[in-house]
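# Fold and contact review
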Amino acid sequence: ILLTIGWAFWSSLGVVEADVIASLVHIWIHVGIACPLLACMLRRHIKWPFCIGVASLWIVSQIVGTEVLYLVNGLWFKRCLGFGLLGVFIFETFLLPLATRFAQGRGAQIPKAQVSAQ
């Protein structure tokens, strides 16, 4: 989401192109440079079966998503994508914490993230 907001901001200032296809370069730079660096830094904390499962789904969705962004490059597609990202932001910022508090008020036990000291 931060990549999309940054791309929209800089494209409104004319620093980068306002084309969806131009944003694909920035996405693949992130995937090619930042993700392997993070994986190298966090390799001791990885559960490998989970990592392999998520990585395989991520790779397929990244390739399919890139093709969709490349083929469908229109104004309404950008608007729908923006509304979808706004919906994710609203859900994670407001609705998810509200639902968690509501569930805890009803006696549900929400597990906390466990950090292992290895």
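What this report covers is the structure whose coordinates are included nearby. Note that the coordinates shown come from a computational prediction; the quantities given were computed from them, not determined experimentally.

A tally of helices and strands in the protein chain yields four helices and zero strands. Along the protein chain, helices and strands appear, N-terminal first, in the series α-α-α-α. In the protein chain, buried positions account for 8% of the 118 residues. Of all intrachain contacts in the protein chain linking residues separated by at least 6 positions in sequence, the fraction that spans at least 24 positions is 52%. Taken as a whole, the protein chain presents about 9,900 Å² of accessible surface, with 73% of it coming from carbon and sulfur.

Here we take up a nonpolar patch on the surface. On the surface, a nonpolar cluster with roughly 900 Å² of combined accessible area is contributed by Phe83, Leu86, Phe89, Ile90, Phe91, Phe94, Leu95, Leu96 and Leu98. By secondary structure assignment, the location of Leu86 is in helix H4 (residues 75–105). The class for Leu86 is partly exposed, based on a relative accessible area of 43%.

Further remarks concern the packing of aromatic side chains. Enumeration over the complete set of coordinates arrives at one aromatic pair. For the cation-ring pair, Arg79 lies above Trp76, with the distance from its terminal atom to the ring centre recorded as 4.6 Å.

Over its 31 residues, H4 runs 44 Å from end to end, which matches the ideal 45 Å to within 8%, given 1.5 Å per residue. A bend of about 40 degrees at Phe91 is the largest found in H4.

For Gln62, the position within the fold is in helix H3 (residues 48–71). For Gln62, a relative accessible area of 14% translates into the label buried. Gln62 has contacts with Ile27, Trp28 and Val31, leaving out every residue within four places of it along the chain.

Cut-offs and rules
- Residues numbered from 1 in each chain as written.
- Predicted model: local features only at pLDDT ≥ 70, side-chain atom pairs only at ≥ 80, totals over all residues.
- Heavy atoms only, no water.
- Helix = DSSP H or I, 4+ residues; strand = E, 2+ residues; numbered from the N terminus.
- Buried < 20%, exposed > 50% of the residue type's maximum accessible area, 1.4 Å probe, protein only.
- Contact = heavy atoms within 4.5 Å.
- Areas by Shrake-Rupley, 256 points an atom, 1.4 Å probe, with all protein chains shown as cover.
- Patch = residues over 30% accessible without salt bridge, like charges linked within 9 Å, V, L, I, M, F, W, Y side chains within 5 Å.
- Salt bridge = Lys/Arg side-chain N within 4 Å of Asp/Glu carboxyl O.
- Phe/Tyr/Trp six-rings, centres within 6.5 Å; stacked < 30°, edge-to-face > 60°.
- Lys NZ or Arg CZ within 6 Å of the ring centre and 35° of its normal.
- Expected span 1.5 Å × (residues − 1).
- Bend = angle between axes of the 7 residues up to and from the residue.

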